[in-house]
Amino acid sequence: MSKLVAAAAVRGSHDVVSRVDKRLTQALEKFGEDQEVGFPGTAFYLPMAYALLGAEVETLGGIREVLEETKTFLHEEPTEKLWLPYLSSALDSGIATLLGEEMLAALRYLYGEEPREGWHGFISDTILRSLGIQLVDGRLPGFAAIVGAAPDVETAEYIIRELQKRSILTFLIGNHEGQTMRDQLIEANVLPDDIIENPASGWDIYIVPLGPDTESIIYALNWAMRGALTFGGLVKGDWKGCLDYTRAHIFAFGLGLGTIDDLKYASGAGAINMGFPVICDTEIPEIRPTGVCTYEELVRELDHDKMVQTCVDVRGVKVTVREVDVPVPVAAAFEGETVRRPDMHVEFGGKYSTCFEYLTMRDMDEVTDGKVEVIGPDIDTAEVGSAMPLAIYLEVAGRKMQKDFEGLLERRIHSTANYAHGIFHMGQRDMAWLRVSKDAFAAGWRLRHFGDVIIAELKEEMGAIIDKVQATVITDEDRINEILPQAEAAYRERDERMGEMTDESVDIFYSCALCQSYAPDHICVISPERLGLCGAYNWLDGKAAYEISPHGANQPVEKGRCIDATIGEWEKINEFVRRESHGTVDRVSLYSIMDAPMTSCGCFECILAMLPEANGFMIVNREYTGMTPLGMEFSTLAGTVGGGHQTPGFLGVGRRYVISRKFISADGGLPRLVWMPKELKEDLAEGLQEQAAELSMPELPDQIATEEDAEAINDLVEHLQKVGHPALQMESLL
Amino acid sequence: MKEPSRRSVDSAAQQMIARAAEDQVDLVWDRYEAMQPQCGFGQLGICCRICHMGPCRVDPFGDGPQEGVCGADANAIAARNLVRMIAAGAAAHSDHGRDVALALLEAARNPDSGYKIRDPQKLAVIAQEYGLDTEGKSVPEIAEAVAQQALAEFGQQEGELKFALRAPASRVKVWRERGLMPRGIDREIVELMHQTAMGVDADYRNIIKQGMRAALADGWGGSMIATDLQDVLFGSPQPIRAKTNLGVLKEDHVNIVVHGHEPVLSEMIVEAARDSELLARARELGADGINLAGQCCTGNELLMRKGIPSAGTFLHQELAIMTGAVDAMVVDVQCVMPRLAELTQRFHTQLLTTSRKAKIPHVQHLEFREGQALTTAKEIVSVGVENFANRNGQRVQIPAEQMDLIAGFTAEYVNTLLGGRFRPSYRPLNDAIMTGRIRGVAGVVGCENPQVPQGSGHIAMSKELIKNDVLVVVTGCSALADARAGLLCPEAALEWAGEGLKEVCEAIGMPPVLHVGSCVDNSRILIACTNMVTEGGLGEDISDLPVAGAAPEWMSEKAITIGYYVVASGIYTVFGTPHNVLGAPDLHKLVVDELEEMVGARFDFEPDPIKAAHMMIAHMDKKRAALGLDEMMYEQAAPVATS
């Protein structure tokens, strides 16, 4: 019965806390109170302690304080007879365990014992932000934390495939009698051998090995907790808000494989506090009455065939399994998979052959829906490891289809082809690069299957605007050379049209409320010249999404009367934002970072921030882990933006907004940009040069400093003076 | 009727009843039998003694007079009698509340009083509710302001009682629309007395209306103040282990029994019983220590907060004396039988009255004053200790029976119970009801009455309810009766609860029957119901909830008051023996039928506890259907009626 669970959780929590006590005493003796501690890449200190207790732990002394408070959550084991209510003790013990595990992990980092070789360890804030859009658009419907190991390699593979099929991100934690799920999956060839050298590569295939002991579950849970702080706009110490948030918005669950010992029970009790149920494959007592979690809390599922489905049901994860008639499984979880050369049967494009993708709109009677035609030799004729030319030529028709949507639909090829297990896709248009793995080929993958998956995906996702799709997959050189010029002309025409489109040329902008499931008060306004801060949605995407789903997250918003053209403020936009932010944002400008700037959900690609000393702004992208002239790393800086709050002087933006004519135009535009990471600058080089030319400031791109020029503000100002950056001569920002 | 088993279902009580018979001592049951046949007019409610033109009585068979000398008919007469019981009950509980408020004031102003503020958090919550500015104020300063606010509610002439606004908005709306919203605690009671004075109100509906208003002034006023300020002063209860029944008396200890209703004195006696000088004196006299035991609701107060054992219920008061082991019985107010005076004369027991409101001729009176609480308490304990020397060991006969129990549940604690420190919520309870694990929640409360074998109604009803997946909450004598039968042990869920309730109790580790306190603490049930509404999913008003109340063995006026504030709050309630309304057909119809229209709930009368339980369950089923809740998850002993 549940009393056994409570007793185990109580014991587990006492054990963890006493271990922290011991380890901390040693650390204090060695390093002293003021020794700094913390995890890499987070603005949230020890995130669990920060969220639940409001503690900003920076030193060993800080850990000591958290430990003292944690001890107050410890309880006595329920008695044999005449027991006092124990659910509350079990839950409190769970919290004590999570806090204890977090302190242990921080101490291990201090001693340089984490991350362990072949294991990921602590998860940085940046990873959360970069996964943001996948979380909200359903590509990543849930998280699984596997604690323990499967009874055998086959079962391990079966369970992980079931999770991948549903696009569930899986963390591998702990062991069962020394056996880890990570090793089982390496043996099953699900995880590549080099996962040991680079555990972070697991993110691409939705399988991340966190650590070989149960305590490593804290990495998954204090990461989930940061969802509340990052996207939920919740503040430190708002334990109720944070735990309500994780239960309502983060669809995670635990799978206990193998024996469940005291520490696993105690950690599970911690997860249950967060609304994450635990499903085990052994004869454990269940806790089925609902209410702490949304559904059951602790469930037994002895049949491994049913296990993942049980997990999904118990957590209420909304998953859609793609049923496409191709020889390999298709799921978002396979999107990040790469096919390395030794594993490759054949490739197309890259620098090895001609390869392009082209989608064009036709009249209804010109398209035969679902037709896939292959022109040229199939891949069974290819020498293993060789390259073939390829064109994927799609013709679509639909009553609501518009010429403007062609590019958008064409870009879906990238993700769709990647969803197929064993297929690798990069780039787009005539820069595309595809690989088919030996496994996929052996499973029966042939050229026509590209057509099949892409048609299925387009019909599934875009069915509202396209009624018919046909695909022609071509490897015949002559046919390829015949169509390529048409495609190139179309690419140019699209670019020109987009270039002409300005905020003034349209009356309607689009909103994006996709992230409201995570950041309830945040609303994006997307205009032709300012894409969404996640970088994933531009104005055309918004328009198409609205056509596809008229009551969905993207709504047309009439601009209405212009209040201020300089800062980009319109009457009806304000009204809309006021309503959709539930009254938290009164007015919003599109072109100013200083006056009523737009809010952020948390999944921004970059942060713009004011540097008063330089009389300008810096921008930092989330991939950049170094120090910025503001004296904060991206992760720390990100803590000040997000959660749907307006913070003048700080702005979350998409990368490509930098090369828009409307880039903070109210505050001086591109000439105000004084610093950006090198990688970002290189990525945007072409656009920066174009904008600089338009401004008749051809030297500007070179004048913008990078980390190679300066990391500290004083050095930056000196550098700017040296290169004569225009921002220094502009009107004072203050 | 003489055999002990027909007088009580408790074997400890039976032994003492048998002993009394041997010793030719009259007990409450004997006096009840001697009283037979009881006055039929009184039972039917149609005897009027309000003015000196009477006494008048209406002929229930239609042959004789149908109205009193003044012309009041049976409905007016019975209604006036009934609501005067409400007035008395409301006065009793509310005056208790007033005394607690005064004690809080004393605690705030007088650091030497011996009282401490044990729950400053709850104090802060109440201060906020009263709209008090607590910024930069000390705990005693806040306590003083809260006590004054609470006291002001008694004398308030206009407006609305603050705590009544805790009710769900739709309930408050009903009260406002029907003119039931209480204005001031004393005012409603006084107005009720005026309204029922000679030659005032002759409209039984209008009389019942004001009766409900006075009852609400108690339930959401006086009683609630008593509960809340007691929590502030003595600490909010939390689950605690304790024991009950006569077996808690100890042969080798000084036994002091505190009996009555208020914790204001008895809390201090707990302190005094730990006094080293008194303990030394007890040992000097040959005792191993000082054993304090409670009875009735004073006992419940100490049980809930301190785990002090309870020596039994209302009908155990004489039986405790019969053990010959009680060195002092200290009484305060309410439910104290004057007969104790003579009974204690037959043993060495020293009876002490302590309230200026409650004296008994020829009984030693040691008046308790809040200002010298601890000093008085020590004097009282000292009387017991000294009297140990007079105990006649030969006459000591303590039954072995004592039962373990868990007490200490409150409306606030339910949050922690269901979610611990970090997930406090009523959600799991509401979920359990919505998904059909729990069929509903029943409050089984009230007194004991020699008309009914002691405990038979409470225990049978509670067992039948839990068997049908109904979670039971209990107070007062009902709680202790169930406790004697082991229903307050967590193991009881495994033995007696239906499958769904068992699953919930097992998950939480709680008994299927929850002890929520003394009889003033029925106010906790009102708050718990409100919290269930607020949590969501079970309707908009208390009257939408699948809940019911019962008082299967009632006798006190306070029970009538409780019944009326519970019904006026929207909870269907079954009393065992009927109220004294059967001689007034229209009034009877109003009470068991038309009240539903007025306040969303009504009474039923059913002496058979099993049948009564089924009526409560049927009501819950009706509410479940109206809410469109899931079917019950497991097969039910009493199936859901299909209509």
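Residues numbered from 1 in each chain as written. Chains lettered and ligands numbered in written order. Predicted model: local features only at pLDDT ≥ 70, side-chain atom pairs only at ≥ 80, totals over all residues.

Colleague: Break down the overall build of chain B for me, with residues and values.
Modeller: Along its length, chain B carries 26 helices and 15 strands. Classification of the 643 residues of chain B by burial places 63% in the buried group. Long-range pairs, those at least 24 residues apart, make up 74% of the contacts in chain B with a sequence separation of at least 6. (Helix = DSSP H or I, 4+ residues; strand = E, 2+ residues; numbered from the N terminus. Buried ≥ 20, exposed ≤ 12 C-beta atoms within 10 Å, placed from the backbone. Contact = placed C-beta atoms within 7 Å.)

Colleague: Describe the overall build of chain A, naming the residues involved and giving the relevant values.
Modeller: Looking only at helices and strands, chain A has 22 helices and 23 strands in total. C-alpha atoms of chain A, sized along the principal axes, occupy 80 × 65 × 45 Å. Classification of the 734 residues of chain A by burial places 55% in the buried group.

Colleague: Can you tell me about the sheet that holds strand E7 (residues 344–349) of chain A, naming the residues and giving the values?
Modeller: All names here are of chain A. Spatially, four strands are ordered E10-E7-E13-E12 in an open sheet, and the strand pairing comes out mixed. Strands at the two margins of the open sheet, each flanked by one partner only, are strand E10 (386–388) and strand E12 (423–426). Pairs of neighbouring strands in the sheet enclose a mean axial angle of 20°, with direction left out of account. (Pairing = 2+ DSSP bridges. Axes fitted to C-alpha atoms, helices over the stretch in contact; angles between N-to-C directions.)

Colleague: Tell me what's going on with the sheet that holds strand E2 (residues 168–173) of chain A, and back it up with residues and numbers.
Modeller: All names here are of chain A. Here we have six strands laid out as an open sheet, ordered E3-E2-E1-E4-E5-E6, and parallel in their pairing. Two strands lie at the open edges of the sheet, namely strand E3 (207–211) and strand E6 (298–300), each paired on one side alone. Within this sheet the neighbouring strands show an average axis-to-axis angle of 25°, counted without direction. For E2 and E3, the ladder comprises four bridges, and the chain directions are parallel. Directly across from Leu172, in E3, lies its bridge partner Pro209. The sheet strands contacting helix H10 (residues 262–273) are strand E1 (142–148), strand E4 (252–257), strand E5 (278–280) and E6, and the helix crosses E4 at an angle near 165°.

Colleague: An account of the packing of helix H1 (residues 2–31) of chain A against H10 of chain A is needed here, citing residue identities and associated values.
Modeller: Two quantities define a packed helix pair, namely the angle between the axes and the distance from one axis to the other. Residues and elements named next belong to chain A. Axis separation between H1 and H10 bottoms out at 7 Å; the angle between their running directions is 95°. As the angle between them shows, H1 and H10 are arranged roughly perpendicular. Contacts between H1 and H10 involve Val5, Ala8, Ala9, Arg11, Gly12, Ser13, Asp15 and Val16 from the first element and Asp262, Leu263, Tyr265, Ala266 and Ala269 from the second. (Parallel < 35°, antiparallel > 145°, perpendicular 65-115°, else oblique.)

Colleague: Residue-level account of the interface of chain B and chain A, with values.
Modeller: At the interface, 29 residues of chain B touch 26 residues of chain A. Secondary-structure elements contributing two or more residues to the side of chain B that touches chain A are strand E9 (403–407), helix H17 (413–419), helix H18 (427–434) and helix H22 (499–508) of chain B. For the side of chain B that touches chain A, the element with the most residues is H22 of chain B, which contributes five residues. The residue makeup of the side of chain B that touches chain A, split by class, is 13 nonpolar, six polar and 10 charged. (Nonpolar A, V, L, I, M, F, W, Y, C, P; charged D, E, K, R; others polar.)

Colleague: Would you mind going over the domain arrangement of chain B in detail, with residue names and values included?
Modeller: All names here are of chain B. In terms of domain boundaries, chain B breaks down into domain 1 (4–57), domain 2 (74–234), domain 3 (240–395) and domain 4 (409–627). Averaged C-alpha coordinates put domain 1 and domain 2 at centres separated by 33 Å. Counting from both sides, the interface comprises five residues of domain 1 and, opposite them, eight residues of domain 2. Across the side of domain 1 that touches domain 2, the residue classes break down as four nonpolar, one polar and no charged. (Domains from an automatic or database assignment.)

Colleague: Run through the domain arrangement of chain A, naming residues and quoting values.
Modeller: Residues and elements named next belong to chain A. Parsing chain A into structural domains produces domain 1 (2–110), domain 2 (125–315), domain 3 (335–493) and domain 4 (508–729). For domain 2 and domain 4, the distance between their C-alpha centroids amounts to 35 Å. Broken down by secondary-structure element, the contributors of at least two residues to the side of domain 2 that touches domain 4 are helix H5 (125–136) and helix H8 (217–230). Among the elements that take part in the side of domain 2 that touches domain 4, H5 stands out by supplying eight residues, more than any other. Per-class residue counts for the side of domain 2 that touches domain 4 are four nonpolar, eight polar and three charged.

Colleague: Explain the pairing of strand E20 (residues 606–611) of chain A residue by residue, including any values.
Modeller: Residue and element names in this part refer to chain A. Within E20, six of the six residues are buried, which leaves the element mostly enclosed by the surrounding structure. Of the two faces of E20, the one holding Cys606, Leu608 and Met610 and the one holding Ile607, Ala609 and Leu611 are both buried throughout. Bridge count between E20 and strand E21 (residues 616–621): six bridges; the pairing is antiparallel. Of the residues in E21, the one forming a bridge with Leu608 is Ile619. The antiparallel hairpin formed by E20 and E21 contains four residues in its connecting segment, where Asn615 sits at a positive phi of about 55°. As paired elements, E20 and strand E22 (residues 650–653) share four bridges and run antiparallel to each other. Following the sheet pairing, Leu608 is matched in E22 by Leu651.

Colleague: How would you explain the pairing of strand E7 (residues 350–353) of chain B if you had to name every residue and give the values?
Modeller: Residues and elements named next belong to chain B. Neither face of E7 is open: one carries Gln350 and Leu352, the other Leu351 and Thr353, and all of them are buried. Relative to E7, strand E6 (residues 328–331) is paired through four bridges, and the arrangement is parallel. Of the residues in E7, the one forming a bridge with Val331 is Thr353. Note on the crossover from E6 through helix H15 (residues 340–345) to E7: the handedness is right-handed. (Right-handed = clockwise from strand over helix to strand, strands pointing away.)

Colleague: Describe helix H3 (residues 60–71) of chain A, and please don't skip the residues or the numbers.
Modeller: All names here are of chain A. Over its 12 residues, H3 extends 17 Å from the first C-alpha to the last, a length consistent with the 16 Å expected when each residue adds 1.5 Å. All of the buried residues along H3 are Leu60, Gly62, Ile63, Val66 and Thr70. Summarising the axial view, the buried residues of H3 lie within an arc of 145°, below the 170-degree limit, and thus occupy one face. (Expected span 1.5 Å × (residues − 1). Arc of directions from axis to C-beta.)

Colleague: Pulling in residues and values, what's your account of the nonpolar core?
Modeller: Of all hydrophobic cores here, the largest spans 473 residues; its most connected members are Phe617 and Val674 of chain A together with Ile86, Leu104 and Ile269 of chain B. Ranked by the residues each element gives to this core, the list is headed by helix H5 (residues 74–109) of chain B, at 20 residues. Each residue touching Phe617 of chain A, except ones within four places of it in the same chain, is listed here: Ile593, Leu608, Ala609, Met610, Leu611, Ile664, Arg672, Leu673 and Val674 of chain A. (Core = buried A, V, L, I, M, F, W, Y, C linked by C-beta atoms within 7 Å.)

Colleague: Got a sec to walk through the packing of helix H11 (residues 263–272) of chain B against helix H13 (residues 296–306) of chain B? Specific residues and values, please.
Modeller: Residues and elements named next belong to chain B. Two elements in contact, H11 and H13, have axes separated by 9 Å at closest approach and are oriented at 55°. Comparing their axes, H13 and H11 come out oblique. At the point where H11 passes H13, the crossing takes the right-handed sense. Between H11 and H13, the contacting residues are Pro263, Ser266 and Val270 on the first element and Thr298, Glu301, Leu302 and Lys306 on the second. Taken together, the residues of the contact of H11 with H13 sort by class into three nonpolar, two polar and two charged. (Left-handed = near helix turned anticlockwise from the far one by under 90°.)

Colleague: Quick one: what's the story with unusual backbone geometry, residue by residue and with numbers?
Modeller: Look at the link from Glu114 of chain A to Pro115 of chain A: it is a cis peptide, with omega at -10°. Structurally, the position occupied by Pro115 of chain A is in the loop between helix H4 (87–110) and H5. Here the residue pair Gln36 of chain B and Pro37 of chain B is connected by a cis peptide bond, since its omega of -10° sits within 30 degrees of zero. Its location among the elements puts Pro37 of chain B in the loop between helix H3 (28–34) and helix H4 (40–44).

Colleague: Before we move on, could you go through helix H2 (residues 11–23) of chain B and cite the residues and values that matter?
Modeller: All names here are of chain B. With 13 residues, H2 should reach 18 Å at 1.5 Å per residue; the first-to-last C-alpha distance of 18 Å fits that figure. Residues of H2 that are buried make contact with helix H1 (4–7) and helix H14 (317–322). Directly after H2, the chain includes Gln24, whose backbone phi takes a positive value near 55°.

Colleague: Before we move on, could you go through the environment of Asn481 of chain A and cite the residues and values that matter?
Modeller: Residue and element names in this part refer to chain A. On the secondary structure map, Asn481 appears in helix H15 (residues 477–500). By the C-beta count within 10 Å, which is 12 here, Asn481 ends up exposed. On a C-alpha basis, the gap between Asn481 and Ala391 in space is 9.5 Å, while along the polypeptide they are 90 residues apart.

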